[in-house]
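Descriptive analysis of the structure
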Amino acid sequence: MKFATLKDGSLDGRLVLVSRDGQRAVRADAVSPSLIEALRRWEQVQQPLSDLSESLNAGSAPGAFDFDPAACAAPLPRCPQWLDASAFLNHGRLMEQAFNTPPIPLFDSVPVMYQGASDDFLGPIDDVPLPSEADGIDFEGEFGVVTGPVPMGVSPEAALACVRLLVQINDWSLRALGPHEMKTGFGFLQAKPSTAFAPVAVTPDELGSAWCDGRVQMRLQVQWNGERFGEPHGGEMNFHFGQLIAHAARTRRLTAGSIVGSGTVSNVSRAAGSACIAERRVIEKIDQGEIRTGFMRFGDRVRMQARFDGGADGPFGVIDQRVVAMADAAHPA
């Protein structure tokens, strides 16, 4: 199944199912008014939602309409918990150099994770209002999972069975603010503005063989102002999503609708490019002796889209966002 949330002025939006080809949609109000409510009642609503999805794909769903990603909020406009990891060790090692920090103890064996803001996610084409270009505006392309209820102390293998949906993420960062917050020992706050999501969340079966070993085996194509930036592959994730969920749930339960991110998709091969500016800057310093790339300016755009290994478009849709000065931002709908 493929889910999206239409903006309707409410906090959680209106749930719709999206056809497999991404062209049509149908309201799911009769089954569940919102995606977060569906996740809380998954055992009761899964089959009715599946039936509705099948009728939509067969062209027989009453009330079906053309799907417009521009009308979408994030699939979950808010959620109980947003946890982001650094599961691609290549990225983490490069970022240690970027922030001139000592190696993190047990970095290769224990996932690194922070708890971000989960009350105000951005939709796929929402402008991104920020206070200052001097803060070091950066995008970060990621994959993520949305969980059902997760018991405390779950094993990594059992945690994979708790995955309900897969999502594509742009986890915005303000790089100039990160080093100070990291040194405090309390983690990120101001350095992590609202996170953005591609319009469609999908059940793992929609990926077929591209959901394998707890990883999204797809490339994440990133463009900055229309120019190719990178297409790193999700298969190089060192910790799979089961391990990340188990790490998050080691000492507490996770409620349905919790989101766990992979961290920036990063590949060892330089040819793959990068999914964030900070990584490119570090590579420039290592390979060329100096940093040549600046961070984003107001008016810049970033586009992200997952693609299957054969080149076909992925099921999540496109993130296409513009960075704007806070004073110029339109009032949210």
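Preceding this section is the structure that the text describes.
Figured I'd write up the structure that's included with this text. Residue positions are given per chain, counting from 1 as you read along its sequence in written order. Reporting in this predicted model follows two pLDDT cut-offs: at least 70 for local features of residues, and 80 or more for side-chain atom pairs to be given and counted; totals over whole chains, interfaces and linings ignore these cut-offs and use all residues. Hydrogens and water molecules were not included; the side-chain quantities draw on all heavy atoms of the structure.

On to the overall build of the chain. Going along the chain from the N terminus, every DSSP run of H or I of four or more residues is numbered as a helix, and every run of E of two or more is numbered as a strand. Helix and strand content of the chain: seven helices and 20 strands. Rg of the C-alpha trace for the chain: 19 Å, near the compact-globule value of 20 Å for 333 residues, within the 12% margin. Counting only C-alpha atoms, the chain reaches 60 × 45 × 40 Å along its principal axes. Residue exposure (1.4 Å probe, protein chains only): buried if accessible area is under 20% of the type maximum, exposed if over 50%, otherwise partly exposed. Taken over 333 residues, the chain has a buried fraction of 53%. Only heavy atoms matter for contacts: two residues are in contact if any of them lie within 4.5 Å across the pair. Contacts in the chain between residues far apart in sequence, at least 24 positions, make up 74% of those at least 6 positions apart. Shrake-Rupley sampling with a 1.4 Å probe provides the accessible areas, and residues are treated as covered by the protein chains on show and by no other component. Of the roughly 14400 Å² of accessible surface on the chain, 51% is carried by carbon and sulfur atoms. We treat Lys and Arg as the positive residues and Asp and Glu as the negative residues; His and chain ends play no part in the count. Charged groups are reduced to one reference atom each: NZ for lysine, CZ for arginine, CG for aspartic acid, CD for glutamic acid. Both charge centroids of the chain, one from 30 positive and one from 40 negative side chains, sit 2 Å from each other. Two things to know: the radius of gyration comes from C-alpha atoms, and the globule rule equals 2.2 Å times the number of residues to the power 0.38.

Should a side-chain nitrogen of Lys or Arg be within 4 Å of a carboxyl oxygen of Asp or Glu, the pair is scored as a salt bridge. The full count for this structure, using the stated rule, is 20 salt bridges. Of the charged contacts, one joins Glu-43 and Arg-164 as a salt bridge, the two residues approaching to 3.7 Å between their closest N and O atoms. On the criterion of sequence distance, the pair formed by Glu-43 in helix 2 (residues 42-57) and Arg-164 in strand 10 (residues 163-170) is long-range, its members being 121 residues apart. In this structure, Arg-292 engages Glu-290 in a salt bridge whose closest nitrogen and oxygen atoms are separated by 3.4 Å.

So, about the layout of surface pockets. Site definitions follow a grid-based scheme: protein atoms alone, a 1 Å grid, a 1.4 Å probe that fits but cannot get out for cavities, and for pockets an open set with protein on both sides within 12 Å along at least five of seven lines, plus lining residues having an atom within 4 Å of a point. Grid points are joined across faces, edges and corners, and a volume is the space filled by probe spheres set on the points. Taken as a whole, the second largest pocket spans an internal volume of roughly 720 Å³. Looking at the second largest pocket, it is lined by 33 residues, and the ones nearest its centre are Ile-104, Val-112, Tyr-114, Met-182 and Phe-188. Side-chain classes follow a simple rule in which Ala, Val, Leu, Ile, Met, Phe, Trp, Tyr, Cys and Pro form the nonpolar group, Asp, Glu, Lys and Arg form the charged group, and the remainder, Gly included, forms the polar group. Class assignment of the residues belonging to the lining of the second largest pocket gives a composition of 16 nonpolar, ten polar and seven charged.

A few words now on the nonpolar core. We define the nonpolar core as a collection of buried residues of types Ala, Val, Leu, Ile, Met, Phe, Trp, Tyr and Cys that are connected through side-chain atoms lying within 4.5 Å of one another. Counting 61 residues, the largest nonpolar core has Phe-139, Phe-143, Leu-166, Trp-172, Leu-207, Met-296 and Phe-316 as its most contacted members. Examining the composition of this core, we find that five residues originate from one element, helix 6 (residues 241-248), more than from any other.

Okay, the sheet that holds strand 20 (residues 319-325) next. As summarised here, the arrangement of the five strands in space is 7-20-19-16-17, forming an open sheet in which the pairing is mixed. The outermost strands of the open sheet, each flanked by one partner alone, are strand 7 (128-130) and strand 17 (227-230). In this sheet, neighbouring strand axes are inclined to one another by 25 degrees on average, regardless of whether the strands run parallel or antiparallel. Any two strands with at least two DSSP bridges between them are considered paired. Axis lines are fitted through C-alpha atoms, for helices just across the contact stretch, and the angle between N-to-C directions can take any value from 0 to 180 degrees.

Strand 2 (residues 14-18) sits mainly inside the fold: four of its five residues count as buried. Taken together, the four bridges between strand 1 (residues 2-6) and strand 2 define a ladder with antiparallel strand orientation. Across the sheet, residue Thr-5 finds its bridge partner in strand 2, namely Leu-15. In this sheet, strand 3 (residues 24-27) lies alongside strand 2 in antiparallel orientation, the contact comprising three bridges. Residue Val-18 lies in a different strand from strand 3, and its bridge partner there is Ala-25. What sits between strand 2 and strand 3 in their antiparallel hairpin is a turn of five residues, with Gly-22 showing a positive phi close to 75 degrees.

Take Ser-173: it is sitting in strand 11 (residues 173-174). For Ser-173, the side chain forms a polar contact with the side chain of Glu-140, separated by 2.4 Å. Apart from residues lying up to four places away in sequence, Ser-173 is in contact with Gly-136, Ile-137, Asp-138, Glu-140, Ala-191, Lys-192 and Pro-193. For this analysis, a polar contact is any N or O atom pair within 3.5 Å, provided that within protein one partner can donate a hydrogen and the other can accept it, and provided that sequence-adjacent residues contribute only side-chain to side-chain pairs.

This part covers helix 7 (residues 277-288). Helix span, as expected, comes to 1.5 Å for every residue beyond the first. Counted at 1.5 Å a residue, the expected span for helix 7 with its twelve residues is 16 Å, and the 16 Å between its end C-alpha atoms agrees. Every buried residue belonging to helix 7 is among Ile-277, Ala-278, Glu-279, Arg-281, Val-282, Ile-283 and Glu-284, and all of these are buried. Note on helix 7: the residue one or two positions beyond its end, Gly-289, has a positive phi of about 85 degrees.

Looking now at the packing of aromatic side chains. Classification of ring pairs uses Phe, Tyr and Trp, with its six-membered ring standing for Trp, and accepts pairs whose centres are within 6.5 Å; under 30 degrees between planes counts as stacked, over 60 as edge-to-face, and the remaining range as tilted. This model, assessed by the stated rule, comprises ten aromatic pairs. For the ring pair Trp-82 and Phe-197, a centre distance of 6.3 Å and an interplane angle of 70 degrees mean the geometry is edge-to-face. Separated by 115 residues along the polypeptide, Trp-82 in strand 5 (residues 82-85) and Phe-197 in strand 12 (residues 196-197) bring together distant segments of the chain. Neither Trp-82 nor Phe-197 differs from the other in exposure class; each is buried. Charges are assigned to positions over rings by a cutoff of 6 Å between ring centre and Lys NZ or Arg CZ, combined with an angular limit of 35 degrees from the ring normal. The ring of Phe-188 is capped by Lys-192, whose NZ or CZ atom sits 5.7 Å from the centre of that ring.

Buried residues dominate helix 6, accounting for six of its eight residues. Among all positions in helix 6, only Phe-241, Gly-242, Leu-244, Ile-245, Ala-246 and Ala-248 are buried.

Our focus in this paragraph is unusual backbone geometry. Trans peptide bonds make up most of the peptide bonds, and negative phi angles are found at most residues other than glycine. Residues other than glycine seldom take positive phi values, yet Asp-213 does so here, at roughly 60 degrees. For Asp-213, the location among the structural elements is in the loop between strand 14 (211-212) and strand 15 (215-216). For Asp-213, a relative accessible area of 53% puts it in the exposed group. Not every positive phi belongs to a glycine, and Asn-225 is a case in point at roughly 50 degrees. Tracing the sequence through the fold places Asn-225 in the loop between strand 16 (219-224) and strand 17.

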